[in-house]
Structure formats: C-alpha cells, structure tokens
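Residues per chain are reported as follows:
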Amino acid sequence: MAQYDLQAGAILCFDKPYGWTSFDLVNKFRYQACRHMGIKKLKVGHAGTLDPLATGVMIVCTGRSTKQIEQLQAGTKEYLADLCLGATTPSFDLEHPIDATYPYEHITEEQVREVLISRFIGCIEQIPPSFSAVKMDGKRSYELARKGEDVKLKPKQLVINEIELLKFDLPHITLRVVCSKGTYIRALARDIGEALGSGAHLTALKRTKVGAYTLQHCHSMEGIEQFVSEHVMIPEKETDTNNKTK
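Here is a short report on the structure shown in this document. None of the values given here were measured: they were computed from a predicted structure.

What counts and how
- Residues numbered from 1 in each chain as written.
- Predicted model: local features only at pLDDT ≥ 70, side-chain atom pairs only at ≥ 80, totals over all residues.
- Heavy atoms only, no water.
- Helix = DSSP H or I, 4+ residues; strand = E, 2+ residues; numbered from the N terminus.
- Contact = heavy atoms within 4.5 Å.
- Areas by Shrake-Rupley, 256 points an atom, 1.4 Å probe, with all protein chains shown as cover.
- Phe/Tyr/Trp six-rings, centres within 6.5 Å; stacked < 30°, edge-to-face > 60°.
- Buried < 20%, exposed > 50% of the residue type's maximum accessible area, 1.4 Å probe, protein only.
- Salt bridge = Lys/Arg side-chain N within 4 Å of Asp/Glu carboxyl O.

## Considerations on the overall build of the protein chain
So, step 1. Summing up its helical and strand segments, the protein chain has six helices and 14 strands in all.
So, step 2. For the protein chain, long-range pairs separated by at least 24 residues make up 71% of all intrachain contacts whose partners lie at least 6 apart in sequence.
So, step 3. Just so you have it, the protein chain exposes about 13,700 Å², and 49% of that area is on carbon and sulfur atoms.

## As for the packing of aromatic side chains
So, step 1. Per the counting criterion, the structure on display carries three aromatic pairs.
So, step 2. Seen in terms of ring centroids, Tyr 4 and Phe 227 are 6.2 Å apart; in terms of plane orientation they differ by 40°. Their pairing is tilted. With Tyr 4 in the segment before strand S1 (9-16) and Phe 227 in helix H6 (residues 224-231), this pair connects stretches of sequence that are 223 residues apart.
So, step 3. The class for Tyr 4 is partly exposed, based on a relative accessible area of 22%.
So, step 4. Among the aromatic residues, those joined into a cluster by ring pairs are Tyr 4, Phe 14, Phe 29 and Phe 227.

## Description of unusual backbone geometry
Most of the time, phi is negative for any residue but glycine, and the peptide bond is trans.
So, step 1. Backbone torsion omega between Leu 170 and Pro 171 reads 5°, so that peptide bond is classified as cis.
So, step 2. Relative to the assigned elements, Pro 171 resides in the loop between strand S10 (156-169) and strand S11 (172-179).
So, step 3. Even without being glycine, Phe 92 reaches a positive phi, approximately 70°.
So, step 4. Here Phe 92 shows up in the loop between strand S5 (87-88) and strand S6 (100-101).

## Points about the pattern of salt bridges
So, step 1. Enumeration over the complete set of coordinates arrives at eight salt bridges.
So, step 2. Measuring nitrogen to oxygen at the nearest pair gives 3.9 Å for the salt bridge that ties Asp 93 to Arg 186. Here the residue Asp 93 occupies a position in the loop between S5 and S6, and Arg 186 occupies one in helix H5 (residues 185-195), the gap between them amounting to 93 residues. Across the pair, Arg 186 and Asp 93 agree in class, each one buried.
So, step 3. Notably, a salt bridge pairs Glu 109 with Arg 113, separated by 2.8 Å at the nearest N-O pair. Of this pair, Glu 109 and Arg 113 both sit in helix H3 (residues 109-119), four residues apart, which is roughly one turn of the helix.

Listed below in structure tokens is the structure:
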C-alpha cells in the first residue's frame, strides 16, 4: 500500500467532480490532509486548471514537488468533449443560457470529419473565451465579461495533435481531442460550430489524460477522507532535546 510523505513532496492524481472549481479540490484535499497529519499548513498546488463544469484528471502536488508543477502543466492533454450544434452561449458552455440559435440540419457526418481534419489539426490560432482567467489590463477577463464590458482577447497559437469524431447524433457530437497546454475546448467548440456554418457550445467535458497521468491513476474525491487516512504518513512529532530530566 503506497504511503505518501506530503511534507517532503508527493504527486497525486484526482478525478475532479462536476461543479467543483480546481481550488475547491485543492482546498478539500489540503483540509483533509492537514487534519489527518495534525498540522496547520501544507504547501499544495495543482498542475492545470479545469473549469467547474468539467471533470477528470487533476494533478495535485505537495511540498517540494510543487516545483514540478510547471513541467507537469506542459504535458499534452486529452479530452472527451460533447458539443451541441445549432446554438451558442456567451461562455461557450452550459454556465450561461443559450443566446442564439442557428440551422444545423445541413451538417453531415462526413462534413464534420472533413472540417476537423482540414481546420483543426496541427498548429492553430485560438481566441480564448471572454469568460476565462486570461488577464486583460491586469484583470481576469471573466471579471470584465460578467460586468458586461467588451472583452477583446488576442489570439494565441496552440497545437492540436489529434481530433477524432467519436459520435454523430445531430445536434450532438462527441470528440476526442489531444492538445497542448492552454487549449480552451470551449473555444474549440465555438470555432467548430462556425466552421460548420452553424453555432456550437460545449455540453460536457472530461479530461482523460495529462502527460503520463490518466483517469486510471486518479483517486476519487468522494473517498478522499479514507484515502488520506490510509495513504498519507503522519509526521513524527519533534522532541525537545533541550529538556533534561533532573
């Protein structure tokens, strides 16, 4: 049974639940770990943010292993994404209600496959969503967007290594996407909808891989208390060597 010394440093993998922020997961883990170990503070960080409505692989680093976060974040990501064609939302996912509808009956399975291969493989440019953590004039763009301000973000280059159509059932399609760090799958849904002469938004997203870490490596947050009690080492209490028996 694996035992982790969190203060010295450990790299753990969790399946982030739907509706949780990445910070929710880190805070929950830190709380349970500190409680079990009998300490007040523990250095904890995560290697790659997931939106609240997304689930899947979340790498958590503790102690000296937090120095590896940047390296882990650079790993290639794999996602399973469900898209709904013919409708858009301001956030490109289900965080906001539909704001516009478009025809989608003209879209065929062959057309989707052709567009994916011709437009969304290799090095591409992508404009991040307005409702994202990208900074604009020192502020997070989602803060400005929620105030109704006009947010114009610059396109950035990223790499789509693989994109595969897994299911075609209009108006819904399911994709497998392998991509570089910084890819917004919500923005990819937007761009795919436009390329198909329609609109689209993300209805479900699961991250299945980060670098070498897959869902098979992930622990469930539902059993986090039991996981911590069984696998996290309790630090030895320091003894006061200055105290001498009289």
